[in-house]
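Fold and contact review
In case you want the letters, here they are:
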Amino acid sequence: MGAPAVKIAVCIKRTPDSESRFRIASSGVAIDEAGLKFDIDDFAGYAVEAALQINEKGGGGETVVVAVGPDSVQESLRKAMSMGADRAVQLKVDSVPADGLAVAKALAAELKDGGYDLILFGKHAFDTSAGVVGTATAELLGLPCVTAVSQLDVASGRGSARRELEGAAELVEFPLPAVVTIDEGVARPRYPSLKGIMAAKKKPLESKPAQLGAVRVSVQKAELPPERPAGRIIGEGASAVPELVRLLQSEAKVL
Amino acid sequence: MLDFYDIDSALSEEERAVRDSVRRFVDERVLPVIGDAYVQGRFPKELIPEMGELGVFGANLPEEYGCAGLNNVQYGLIMQELERGDSGVRSFASVQGALAMYPIYAFGSEAQKRRWLPPMAKGEVIGCFGLTEPDYGSNPSGMITMAREQSDGSWVLNGSKMWITNGSTANIAIVWAKTNGDASDRSIRGFIVPTDSAGFKAKDQKGKLSLRASDTSELSFQDVRLEADAILPGSGGLKSPLMCLTQARYGISWGALGAAMACFEEALEYSKTRVMFDRPIGGYQIQQVRLAEMLTEIVKGQLVSLHLGRLKDAGTFTPQQVSLAKRNNVNIATEIAREARRLLGANGILAEYGAMRHMANLESVYTYEGTHDVHSLILGQAVTGLNAFK
């Protein structure tokens, strides 16, 4: 029994911890990376976990993690291998461009002859929230694409997925090969075991120049959200309620 | 976790990866349950398989015996993170790794290593370490537990041990005993004693106000028969168990920092959110002095342990250097836990917060594995050449 072996590519992105305190860099077009802690983006982490579970259930297959990025991305690739991925590919750039299509072209060039049954992405990355790269890669490869999947299964050359909608869910089926972008519903990413961390050092990590597409989108200015104005204490106890209701109606206009 | 001195930059990627994995395990699995476990006075046994899968048991022993093959800095960081959860949880791992697996690794036969180490690394076989006796704590050379070799090569063990962590959970006990009627400490040998042997009893020690999330037992052996292959062939003299203690004390020097870090983080957070006289108490000079003292001592301790780990990996560290680190780091941790508890005011006495639990735990850590005072005398002897024990 068990599904046939599946070859899976998981495309990951390295992003800063979302709970960091951000500052704008002196360039004015990016955040200042000094002192930030970086890791595999949350949704990409779920995608790694989904791939590992599919291959564990199938009892074989191969999981390859791929990332476009500078050398610092190797740490994230090794982390994915410490979780259990078999090997890694870095598509090297000095910095990741803001144009998702340019990144997708680099990934498609790498993946098109790889013989992958399944190509997974996070549904979007925390640092840009663009969600372009997964779908654009599918388009470039001419593959079916299912986005924001909370549950994923593979059997007999077909995939099935669950997508959470507002107040409902849908179940979709599709032939392999396919591109799937992963939402957080799939199992939480495992902790890399200590043996896994040591084993990752010995797994192959290939680094080659990224064949980026033309970069046509760029960030002109980055700014932090405005400071939230300080709260105001209307009064204390029941006697303050009428004034509070009045302000919520007339000033905040939420009632 | 505040890294004020950028000590992360002195760690390798694999060292940070190990720390981060264990940190996440402690955050997600230990911290949510430890307050209740402590109040109930139980070790959270349900965590053992997960700790085994993660690989924390005997993590610095070689991969060929099913262990993770980590360096000693990685091992220390594991201890730090576990004790950030609770000293009892770290103690469990210390005993399993440094006091039960290590002697099998260091003094055991190849057959003993292959039989016991892989299941112990997975947490399927739990070990404890029997050295201390009711009347021989700081002075283990006075022990009266005795093993006598029989004509067929088997052994008969008699005696008792006290303050044995994991004693009633364990499947095997590493018992240190004098042999064949020889009262000198040169006759001390180590034995692997299955805890289901006839004549072996483990009794929980009740009424502890410290290390409540940890099993502590009294062991007694009445004519316990052991096969010839129970003895650790490479063990000989008091030096053997002391070598185990050096391993464990090294881990404790890191572990105590974990408890101190937990207390500092809790106190820092509290000081920024607790408002008294219309502003956060962290704005008052007295709390800032407290926090500055805590921070300074933690940074100093981290640098001591990190350097000690590098010396251990280089193979040049001495037991006296371990004494300095254990003595200092546990001592500062006890002070930091107490100051954190005070900063938290009345909330500081609740199990909902960690400070008082750590404070009470650390009194045991201060006392076990060589008391603070004994380590002072070891250091005194190291620098003067004069022995104050006798």
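The rules behind these values
- Per chain, the residues get numbers from 1 upward, laid out in the order the sequence is written.
- Lettering of chains starts at A and numbering of ligands starts at 1, both following the order in which they are written.
- This being a predicted model, a pLDDT of at least 70 is required before a residue's local features are given, and a value of 80 or more before pairs of side-chain atoms are given or counted; all residues contribute to the totals for chains, interfaces and linings.
- By convention in this description, side-chain values take in all heavy atoms of the structure and omit both hydrogens and water.
- Domain ranges listed in this record stem from an automatic or a database domain assignment.
- By the convention used here, residues are in contact when the closest approach between their heavy atoms is within 4.5 Å.
- Buried area: the accessible area, evaluated with a 1.4 Å probe, that two parts lose upon being put together, summed over both parts.
- The rule for a salt bridge is simple: a side-chain nitrogen of Lys or Arg has to be within 4 Å of a carboxyl oxygen of Asp or Glu.
- Pairs were defined over the aromatic rings of Phe, Tyr and Trp, the Trp ring being its six-membered one, requiring ring centres within 6.5 Å. Orientation was assigned from the angle between planes: stacked under 30 degrees, edge-to-face over 60, tilted for the rest.
- Put simply, DSSP H or I for four residues or longer makes a helix, DSSP E for two residues or longer makes a strand, and each gets a number counted from the N terminus.
- Buried means the residue's accessible area, taken with a 1.4 Å probe over protein chains only, is under 20% of the maximum for its type, while exposed means over 50%, and partly exposed covers the values in between.
- Sitting over a ring, as applied to charges here, requires NZ of Lys or CZ of Arg to be within 6 Å of the ring centre and within 35 degrees of the ring normal.
- For two strands to pair, DSSP has to find at least two bridges joining them.
- As a rule, the C-alpha atoms of each element are fitted with a line to give its axis, helices using only the stretch in contact, and angles between N-to-C directions run from 0 to 180 degrees.
- In protein, a polar contact means a hydrogen-donor-capable atom and an acceptor-capable atom, both N or O and within 3.5 Å, with residues adjacent in sequence counting only if both atoms are side-chain atoms; elsewhere, any N or O pair within 3.5 Å suffices.
- The patch calculation keeps residues exceeding 30% relative accessible area without a salt bridge and links them within 9 Å when they carry like charges or within 5 Å when they are nonpolar (Val, Leu, Ile, Met, Phe, Trp, Tyr).
- In short, Shrake-Rupley with a 1.4 Å probe defines the accessible areas, and a residue's cover is counted only from the protein chains shown.
- Among the buried residues, those of types Ala, Val, Leu, Ile, Met, Phe, Trp, Tyr and Cys that are joined through side-chain atoms within 4.5 Å form a nonpolar core.

Things to note about the domain arrangement of chain B
Residues and elements named next belong to chain B.
- What the domain assignment lists for chain B is domain 1 (7-121), domain 2 (127-230) and domain 3 (239-384).
- Contacts between the two partners involve 31 residues from domain 1, matched on the other side by 33 residues from domain 3.
- Contact with domain 3 buries surface across domain 1, with I7, N72 and Q80 losing the most and accounting together for 21% of the total.
- Across the domain 1-domain 3 interface, the total number found is two salt bridges.

Focus: the packing of aromatic side chains
- Under the definition given, this model contains 13 aromatic pairs over all chains.
- For the ring pair Y75(B) and Y250(B), a centre distance of 6.5 Å and an interplane angle of 15 degrees mean the geometry is stacked. Here Y250(B) lies in helix α6 (residues 239-273) and Y75(B) lies in helix α3 (residues 72-85), a separation of 175 residues in the sequence. When sorted by exposure, Y75(B) lands in the same class as Y250(B), which is buried.
- Ring geometry for Y102(B) and F107(B): centres 6.4 Å apart, planes at 75 degrees, overall edge-to-face.
- Accessibility expressed as a relative area gives 5% for F107(B), which makes it buried.
- Ring-pair connections join several aromatic residues into one group, and the members of that group are Y102(B), F107(B), F129(B) and W176(B).
- Between the NZ or CZ atom of K7(A) and the centre of the ring of Y116(A), over which it lies, the distance is 4.9 Å.
- The lysine or arginine in question, K312(B), covers the ring of Y250(B), its NZ or CZ lying 5.4 Å from the ring centre.

Observations concerning the sheet that holds strand β5 (residues 87-92) of chain A
Residue and element names in this part refer to chain A.
- Overall, mixed pairing links the nine strands, which are arranged β9-β8-β7-β10-β6-β1-β4-β5-β11 in an open sheet. For this open sheet the edge positions go to β9 (168-175) and β11 (205-209), each flanked by a neighbour on one side alone. Geometrically, the sheet is characterised by an average inter-axis angle of 30 degrees between neighbouring strands, direction not taken into account.
- Of the strand pairs in this sheet, strand β1 (residues 7-11) and strand β4 (residues 62-69) are connected by five bridges, and their pairing is parallel. The residue of β4 that forms the bridge with I8 is T63.
- Taken strand by strand, helix α4 (residues 133-141) contacts β6 (118-122), β7 (145-155) and β10 (178-182), and its axis lies near 155 degrees from that of β6.

Structural notes on the interface of chain A and chain B
- Across the boundary between the two partners, chain A contributes 15 residues, which contact 26 residues of chain B.
- Buried area between chain A and chain B, summed over both chains or domains, comes out near 1600 Å², and the portion from carbon and sulfur atoms is 51%.
- On the chain A side of the interface with chain B, the three residues burying the most area are Y191(A), L194(A) and M198(A), jointly 43% of the side's total.
- Run the count over chain A and chain B and you get five salt bridges.
- In this structure, the salt-bridge partner of E28(B) is R188(A), at a minimum N-O distance of 2.6 Å.
- Summed over the shared surface of chain A and chain B, the number is eight residue pairs in polar contact (both at pLDDT 80 or more).
- Of all the elements in the fold, those that place two or more residues in the side of chain A that touches chain B are α2 (73-83) and α5 (194-200) of chain A.

Comments concerning a nonpolar patch on the surface
- A grouping of V241(A), V245(A), V254(A) and L255(A) is seen on the molecular surface, where their side chains present a nonpolar patch of about 360 Å² in accessible area.
- Judged by its relative accessible area of 33%, V245(A) is partly exposed.

Section: the pairing of strand β3 (residues 155-165) of chain B
Residues and elements named next belong to chain B.
- In this sheet, β3 lies alongside strand β2 (residues 146-149) in antiparallel orientation, the contact comprising four bridges. If you follow R148 over to β3, its bridge partner there is V156.
- As judged from the eight bridges shared by β3 and strand β7 (residues 216-226), these two strands associate in the antiparallel manner. Of the residues in β7, the one forming a bridge with K161 is L219.

Quick word on the pattern of salt bridges
- Evaluation of the coordinates by the stated rule reveals 41 salt bridges over all chains.
- With a shortest N-O distance of 2.4 Å, E251(A) and R232(A) are connected by a salt bridge. Of this pair, E251(A) sits in the segment after α6 (241-250) while R232(A) is found in the loop between β11 and α6, placing the two residues 19 residues apart along the sequence.
- Assessed through its relative accessible area of 56%, R232(A) is described here as exposed.
- Between R24(B) and E28(B) there is a salt bridge; the shortest N-O distance is 3.1 Å. Note that R24(B) and E28(B) are positioned in helix α1 (residues 13-40) at a spacing of four residues, about one turn of the helix.
- Judged by relative accessible area, E28(B) falls into the partly exposed class, the value being 28%.

Considering the nonpolar core
- Within the largest apolar cluster, 90 residues are counted, with the highest numbers of intra-cluster contacts made by L194(A), I78(B) and L82(B).
- If you tally residues by element for this core, the top one is helix α4 (residues 87-107) of chain B, at 11 residues.
- If sequence neighbours within four positions are ignored, L82(B) has contacts with V22(B), F25(B), V26(B), M51(B), V56(B), V89(B), R90(B) and A93(B).

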